[in-house]
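A structural walkthrough
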Amino acid sequence: MTTLTTTPNTTTPTAQDRILTGDRPTGPLHLGHYFGTLQNRVRLQNEGVDLFLVIPDYQVLTDRDVAERLTENVEDVVLDYLGAGVDPTRATIFTHSAIPALNQLLLPFLSLISVAELSRNPTVKDEIAHSRQAAVSGLMYTYPAHQAADILFCKANLVPVGKDQVPHLELTRTIARRFNERYGPVFPEPRTLLSEAPLLLGTDGTKMSKSRANSIALKASSDETARLVRAAKTDPIRTISYDPETRPEVSNLVLLAALCQGRDPHEVASEIGDGGSAALKATVTEAVNTHFAPLRARRAEYAQDMDYVRKLIGEGNERANAIAEVTLDEVREAMGTFRMAA
């Protein structure tokens with residue numbers, strides 16, 4: 001039910017493409033992450049695409065005064081990746097803070113864009129609006145340049161994003177183009193890989209978000225899933241139908257069940273019929289627990305050996321570091337700056 005398209009005009013991703021994507025470590029990933037991005041990442045990995053997954057731990061500081069439980073949150077995200085089917089022998093999982101050469105790209109990149117371009121970026125505006133900070137730090141405005149460094153250090157040419165993140169990628173393309181024009185060809189201009197994944201609402205009927213405590217974590221137990229689904233918002237109409245415009249909360253639950261069962265949501269709604277919200281929630285609970293049982297089992301198995309998980313992160317960091325050092329050397333040569341002797 002989830003498709004990917006590219007813009008500007010491109011072909012379907014192939015083994016020659018390198019994709020960079022990732023998730024901020026602000027807590028465990030939820031069902032929205034899975035249906036929105038994770039399952040497609042695994043599919044692309046299995047099709048042979050060179051997949052890089054960044055966990056941008058430094059970027060947590062852009063909208064938080066303190067990065068609490070950062071190591072634990074990083075490991076939580078990696079466990080979610082592994083549970084979902086990401087294969088660390090075919091995908092590179094790494095943390096932003098462990099790649100010094102990547103972060104050295106920030107300064108030349110910031111020199112290529114104006115303060116006005118940073119401040120009018122709609123994604124930055126949205127982040128500022130939802131910031132937890134008493135005052136917005138300067139780091140918030142550099143967020144698009146940080147993201148450009150994440151993408152360009154490994155010369156990713158495809159980046160999966162939702163429509164709300166397209167402005168970020170446009171600024172990355174601008175930075176790559178301006179660097180190449182000023183100093184010589186080093187970076188590709190990455191293309192947008194738009195996800196047409198259905199939008200899942202949270203259990204309260206608003207946007208699903210870790211910070212709003214309205215999501216079902218991938219690692220949730222069967223009992224916890226049942227409790228969260230029971231508490232989900234519906235409406236007083238007994239007959240269940242799939243009509244996202246007029247019945248968003250009910251339709252969201254119907255969609256969730258349909259995604260888990262691989263069925264059309266209208267078919268699911270028709271099957272429940274006059275069973276009301278109780279029958280709907282029972283269907284959703286069973287569908288979610290059945291669909292995610294293998295993922296949760298794999299995740300729990302990996303969680304039994306955290307030394308191995310940390311080793312995987314270290315190996316991903318080593319590969320990303322090696323690539324970043326090569327790219328930084330190319331940048332230094334293009335800019336005519338000092339290069340360390342071998």
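Higher on the page you've got the structure.
Just so it is clear, the structure is predicted and the values come from calculations on it, not from any experiment. (Residues numbered from 1 in each chain as written. Predicted model: local features only at pLDDT ≥ 70, side-chain atom pairs only at ≥ 80, totals over all residues. Heavy atoms only, no water.)

1. Describing the packing of helix H2 (residues 70-84) against helix H13 (residues 306-335)
Heads up, the rule is: Each axis is a line fitted through C-alpha atoms, and for a helix only the stretch in contact is used; angles between axes span 0 to 180 degrees, taken between their N-to-C directions. Put simply, DSSP marks the helices as runs of H or I at least four residues long and the strands as runs of E at least two long, and each gets a number from the N terminus on. Any angle between 65 and 115 degrees counts as roughly perpendicular, while under 35 counts as roughly parallel, over 145 as roughly antiparallel, and the rest as oblique. Any two residues whose heavy atoms approach within 4.5 Å at even a single point are treated as in contact. Any residue outside Ala, Val, Leu, Ile, Met, Phe, Trp, Tyr, Cys, Pro, Asp, Glu, Lys and Arg is labelled polar, Gly included; the first ten of those are nonpolar and the last four are charged.
Between H2 and H13, the shortest axis-to-axis distance is 11 Å and the interhelical angle comes to 90 degrees. The angle between the axes of H2 and H13 places the two elements in the roughly perpendicular class. The segment H2 lies against H13, with Val74, Glu75, Val78, Leu79 and Leu82 engaging Met306, Val309, Arg310, Leu312 and Ile313. Among the residues making up the contact of H2 with H13, the classes are represented as 8 nonpolar, no polar and 2 charged.

2. Side note on helix H8 (residues 166-183)
We apply this condition: By definition here, a helix of n residues has an expected span of 1.5 Å times n minus one.
Given a rise of 1.5 Å per residue, 18 residues ought to cover 26 Å, and the 26 Å separating the end C-alpha atoms of H8 matches this to within 8%. Remark: Gly184 follows H8 within two positions and exhibits a positive phi of approximately 120 degrees.

3. What about the packing of helix H1 (residues 31-46) against H2?
Definition in use: Here is the rule for handedness: rotate from the far helix to the near one, and if that takes an anticlockwise turn smaller than a right angle the crossing is left-handed, while a clockwise turn gives right-handed.
Orientation of H1 relative to H2, taken along the N-to-C sense of each, is 60 degrees, at an axis distance of 9 Å. The orientation of H1 relative to H2 falls into the category oblique. For the pair H1 and H2, the sense of crossing is right-handed. In this structure, H1 uses Tyr34, Leu38, Arg41 and Val42 to contact H2, whose residues at the interface are Asp80, Tyr81 and Ala84. Here the contact of H1 with H2 is composed, by residue class, of 5 nonpolar, no polar and 2 charged.

4. Details of the packing of aromatic side chains
Our working rule: Here is the rule: rings of Phe, Tyr and Trp (six-membered ring for Trp) pair when centre to centre is within 6.5 Å. Planes less than 30 degrees apart are stacked, more than 60 are edge-to-face, and the remainder are tilted. Classification of residues uses two cut-offs on accessible area relative to the type maximum, computed with a 1.4 Å probe and protein chains only: under 20% is buried, over 50% is exposed, and between them is partly exposed.
Within the structure shown, the criterion is met by 10 aromatic pairs. A ring pair is formed by Phe35 and Phe292, whose centres lie 5.8 Å apart and whose planes are at 80 degrees; its orientation type is edge-to-face. Taken as a pair, Phe35 in helix H1 and Phe292 in helix H12 (residues 276-303) lie far apart in primary sequence, 257 residues in all. Both residues of the pair, Phe35 and Phe292, count as buried. Taken together, Phe109, Phe179, Tyr183 and Phe187 form an aromatic cluster joined through their ring pairs.

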